[in-house]
Amino acid sequence: MADEDRRRFLKVATCAIGGGVGLAVAGPFVTLIVAPAGKVTVTAPTDPLDLGAAEQFRVGAEPRKVDVVAPMVKDAWIAARNVVLGAAWIRRTAPDKIVALSAICPHLGCSIGWDASAGNFLCPCHDSRFSPEGDKLNGPSERGMDELPVEVRDGRLQLTWVRYKTGQTAREPA
Amino acid sequence: MKTALRDYLRERGVSRGGAPATIAGGASFAYVFGAVLMWLLVIEAVTGLALAAFYAPSATDAWASVAYLQDQAVLGWFLRGLHFHAASATVIVAGLHLVQTALHGAYKKPRELVWWLGILLMVLILAWAVTGYVLRWDQAGYWANKVEVGIAAATPVVGGAIRKLAIGGNDYGNLTLTRFYTLHILLLPAIVGAVTAGHVMLARKLGATPLGDRERTARPRWPDQTLRNAIAVAMMMTVLIVYVVAMHGVELAAPADPSQAYDARPLWYFRWLFELRDLAGRAEKLVALAMPAIVLGALIALPLVDRAPTRELKRRLPYLGGLAGLLALIGGLTLASFIGDARDRDLAKRNTLAEQRAQLARKLARDNGVPVTGASDVFFTSPMARARAVFAARCKSCHDAESMDRKGPVIGPGHGNRSWIMAFVRNPSGDQFWGHSKLVKTDAAMKSFDQMPAADLESVVELIYGESGASDIDEAKRKHGSEVFEIGCSDCHARDEGVAGASAPGLFGLGTREYYLSFISNPRSALHMGRDKSEMPRFDKELSVSDRDALAEYLVWLRTATPADAAALDPVD
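Conventions used here
- Residues numbered from 1 in each chain as written.
- Chains lettered and ligands numbered in written order.
- Predicted model: local features only at pLDDT ≥ 70, side-chain atom pairs only at ≥ 80, totals over all residues.
- Helix = DSSP H or I, 4+ residues; strand = E, 2+ residues; numbered from the N terminus.
- Rg over C-alpha atoms; globule rule 2.2 N^0.38 Å.
- Buried ≥ 20, exposed ≤ 12 C-beta atoms within 10 Å, placed from the backbone.
- Contact = placed C-beta atoms within 7 Å.
- Nonpolar A, V, L, I, M, F, W, Y, C, P; charged D, E, K, R; others polar.
- Domains from an automatic or database assignment.
- Pairing = 2+ DSSP bridges.
- Axes fitted to C-alpha atoms, helices over the stretch in contact; angles between N-to-C directions.
- Parallel < 35°, antiparallel > 145°, perpendicular 65-115°, else oblique.
- Expected span 1.5 Å × (residues − 1).
- Bend = angle between axes of the 7 residues up to and from the residue.

1. Section: the overall build of chain B
Tallying secondary structure elements over chain B gives 20 helices and three strands in all. The C-alpha atoms of chain B give 36 Å as radius of gyration, which overshoots the globular expectation for 573 residues (25 Å, by more than 25%). Along the first, second and third principal axes, the C-alpha set of chain B runs to 115 × 65 × 40 Å. Looking at the 573 residues of chain B, the share that counts as buried comes to 32%. For chain B, long-range pairs separated by at least 24 residues make up 68% of all intrachain contacts whose partners lie at least 6 apart in sequence.

Shown next as structure tokens:
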């Protein structure tokens, strides 16, 4: 019986030591792998970005697609300059009003194009259509196109880039 | 429940069931080496997995990703250090395992294959380390690899082909990394895994070599031997973890740079070869290839030459003596190499400089990120780094306050601000200004305006300061200054765009970036100093326009900078 007890003790001791040694490696391993999930690993500029002279956009003209370029993006270990974040459709609706719509489709994130013959926006992936104002016309998209904040400063059009969650009715920043 | 599960698994062929694994002669601490080595392989696999999740095998990104892992990822330094030092531990424990096996005579029939597979594993593990060291793409790993590949390239006949095959073409680059990466994380683990499986299976099948005259009663392996294994593993891990924490992982040198010399040293377990090459002089390449072959040959030959069935120490002395001699030679050479380095003062100085570069690169990578153009360009991410590097190389000897050969005005923080202009106007030939120039010895030098009434002086300084485009101008003073200028200065100087003074520089835009660019490009132009009054060479042919513009930007920055601002800038490489 004493031998049984001894063997049981040895088994428990072995498991305890083995578990401790295993944890010493597994703990840091899991910490390292999980940590990036809770961090901003790719920075996005929060300041308004320059889209060029405001006067190039005229009342009555078709919407114009403009690339949204961040002067600097930090992506984990890299710092990249002039990174294209996406595109916006720009339209001057009144002499003192410019509207910018994100070209990212609210459905599943494809790039929305302008259908000149129909005079409205069309997403090529799943045929969602949007009015020139960005309202949802037909197709699978749950909401209209996402408007982006713009302002004119010293004659230059400034846009604040926001990426919204796709595939839902509510408009929430991603 | 437990039995049900056991039965389930046994019925489906997962476990053999039946008698538990036994160990001949009973449990012993002498048998723990295999278990410790297995555990070290598991650590390498787990930490390697973690590292791979952060590593980018490309010439532009590799160093940056390792620096990110080491300095920014949570506990990245720990797993990286564990991976590196566990590899060292593997070499040490494998060496002990080998010595012990030799002492016990466990290489003898029928265990020759186990011995040879063990030797093969040792070689594979060393190759594994070589393929891993280059991946960080820092100065240390890069240059060590160049030397190692250089040795392999000295192999008669096939050397050139080996080199091209190893580095993936004619020179070091992206393919070098992707190749060594593939070897390190896919091919070698697979081969080492297979050979280890063979080594362990055979060893288990043949059973442990009985120790001394111990009775050969078989005892269950679990838990007696397992506990001893666990204790040995725990002890080794304690040492390893303490070491990893004390070293804060493992060092990372500056990014690989083919243009920057570096005192390349191989990993410590190749130091004996390094020392041997040093001693061999011109025969170094022969020695570097021949010595490993001799050591390897001796180890492989051991079971073939020592064939007598006896395992008694005394009767195997010649063989063991030979083995001990080889090991002593390796140990002695290793020691000699480290001692030689420790005594080399010049080397210590170069290493200190290299370490400073490494720390600077890592700090800049942390603060600014690494440019997509490659890790070496991280040095140019500190503010105005290019301009400051050009200044140090091309301008400093004539313009720095500390310079012994100064010929022109001192350029430093505050250059061109109000007090600088004031001091200049009051005494242009002062030590800080034209004092060291040839101009001072001629009649053409500007005279001192120290006698001018203070209010007039201040106003004219405001006027000249205003040329820089600075926004903090006192308009009333400037207006008065332009009147003073007409009376006191305009005989020699002009203030209109593109107009040279009658006998002195035009002052339009003085202190703007455009002005500095123009001045640096050609100080001898009539608009500036004129051909005969300036000793400063023209730089429009010497420096690219972007370098000149960078210098101009730097000069503008200096106007509002304090010495503290300048000291706070990261040093340039």
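2. What to know about the overall build of chain A
Check the secondary structure of chain A and you find one helix and eleven strands. Across chain A, helices and strands are ordered from the amino to the carboxyl terminus as α-β-β-β-β-β-β-β-β-β-β-β. In terms of C-alpha radius of gyration, chain A reaches 27 Å, well past the compact-globule figure of 16 Å for 174 residues. Summarising its shape, the C-alpha atoms of chain A cover approximately 95 × 35 × 20 Å along the three principal directions. Per-residue burial for chain A yields a buried fraction of 23% across its 174 residues. Sequence separation of at least 24 residues holds for 47% of the intrachain contacts in chain A that already meet a minimum separation of 6.

3. Structural notes on the interface of chain B and chain A
Chain B puts 31 residues into the contact, and the matching count from chain A is 23 residues. When residues of the side of chain B that touches chain A are assigned to their parent elements, the largest contribution, nine residues, is made by helix H9 (residues 224–246) of chain B. Residue classes in the side of chain B that touches chain A are distributed as 24 nonpolar, five polar and two charged.

4. Looking at the domain arrangement of chain B
Domain parsing of chain B yields domain 1 (23–357) and domain 2 (385–568). Once you take the C-alpha centre of each, domain 1 of chain B and domain 2 of chain B turn out to be 62 Å apart.

5. A look at the sheet that holds strand S6 (residues 120–122) of chain A
Residues and elements named next belong to chain A. In spatial order, the strands read S5-S6-S7-S8; together these four strands make up an open sheet with antiparallel pairing. With one partner strand each, in any of the chains shown, strand S5 (113–115) and strand S8 (136–138) form the two edges of the open sheet. Inspection of the sheet shows strand S7 (residues 129–130) paired to S8 by two bridges, in the antiparallel sense. Across the sheet, the residue bridging to Phe130 is Lys136, located in S8.

6. Thoughts on the packing of helix H3 (residues 62–71) of chain B against helix H13 (residues 345–368) of chain B
All names here are of chain B. Look at H3 against H13: their axes get within 10 Å of each other, and the N-to-C directions meet at 85°. The angle between H3 and H13 falls in the class roughly perpendicular. Counting all contacts with H3, which are made through Ala64, Ala67 and Asp71, the residues of H13 involved are Arg362, Ala365 and Arg366. For the contact of H3 with H13, the residue count by class is three nonpolar, no polar and three charged.

7. Considering the sheet that holds strand S11 (residues 156–159) of chain A
Residue and element names in this part refer to chain A. On the basis of which strands lie adjacent, the open sheet formed by three strands has the order S1-S11-S10 and antiparallel pairing. The open sheet terminates on both sides in strands that have one partner only, identified here as strand S1 (49–53) and strand S10 (150–153). With direction set aside, neighbouring strand axes in the sheet form an average angle of 30°. Two elements, S10 and S11, share four bridges in a ladder whose sense is antiparallel. Paired with Val152 across the bridge in S11 is Leu157.

8. Concerning unusual backbone geometry
Pro110 of chain B follows Lys109 of chain B through a cis peptide bond whose omega is 10°. Along the chain, Pro110 of chain B turns up in the loop between helix H4 (76–104) and helix H5 (112–133). With omega at 5°, the peptide bond leading from Trp222 of chain B into Pro223 of chain B counts as cis. Looking at the element boundaries, Pro223 of chain B is found in the loop between strand S2 (218–220) and H9. Its identity is not glycine, yet Asp154 of chain A carries a phi of approximately 50°, on the positive side.

9. Topic: helix H11 (residues 284–305) of chain B
Residues and elements named next belong to chain B. End to end, H11 covers 30 Å across 22 residues, agreeing with the expected 32 Å (1.5 Å per residue, within 8%). Its maximal kink placed at Leu299, H11 deviates by approximately 30°, while the proline Pro303 follows within four residues. For H11, the set of buried residues is Ala288, Leu299, Leu302 and Pro303.

10. So, the domain arrangement of chain A
Often, the extent of an interface is quoted as the loss of accessible area on bringing the components together. Its domain assignment divides chain A into domain 1 (2–38) and domain 2 (49–159). The centre of domain 1 of chain A, based on its C-alpha atoms, is set 54 Å off from the matching centre of domain 2 of chain A.

11. With respect to the environment of Trp89 of chain A
Residue and element names in this part refer to chain A. Following the sequence through the fold, Trp89 ends up in strand S3 (residues 78–94). By C-beta crowding, Trp89 is classed as buried, having 23 other C-beta atoms within 10 Å. As a C-alpha pair, Trp89 and Leu23 span 66 residues in sequence and 53 Å in three-dimensional space. Not counting the four nearest positions on each side in its chain, Trp89 is found in contact with Pro63, Lys65, Leu101, Ala103 and Trp114.

12. Brief notes about helix H6 (residues 139–153) of chain B
Residue and element names in this part refer to chain B. Taking 1.5 Å of rise per residue, the 15 residues of H6 would be expected to cover 21 Å, and the 21 Å separating its terminal C-alpha atoms lies within 8% of that figure. All buried positions along H6 are accounted for by Gln139, Ala140, Gly141, Tyr142, Trp143, Ala144, Asn145, Glu148, Val149 and Ile151. In this fold, the buried residues of H6 make contact with H5, helix H7 (159–167), H11 and H13.

13. Looking at the pairing of strand S2 (residues 64–75) of chain A
Residue and element names in this part refer to chain A. Inspection of the sheet shows S2 paired to S3 by eleven bridges, in the antiparallel sense. The residue bridging Lys74 from the neighbouring strand is Ala79, located in S3. Counted between consecutive antiparallel strands, the loop separating S2 from S3 contains two residues, among which Ala76 sits at a positive phi close to 50°.

14. Things to note about the environment of Val200 of chain B
Positionally, Val200 of chain B belongs in helix H8 (residues 174–206). In sequence terms Val200 of chain B and Val114 of chain B are 86 residues apart; their C-alpha atoms lie 7.9 Å from each other.

15. Regarding the environment of Leu543 of chain B
Residue and element names in this part refer to chain B. Take Leu543: it is sitting in the loop between helix H18 (513–521) and helix H19 (545–560). Leu543 sits in the partly exposed class, given 19 other C-beta atoms within 10 Å. Between the alpha carbons of Leu543 and Arg478 there is a distance of 36 Å; along the sequence they are 65 residues apart. With residues up to four places along the chain from it excluded, the contact list for Leu543 reads Val390, Arg394 and Arg548.

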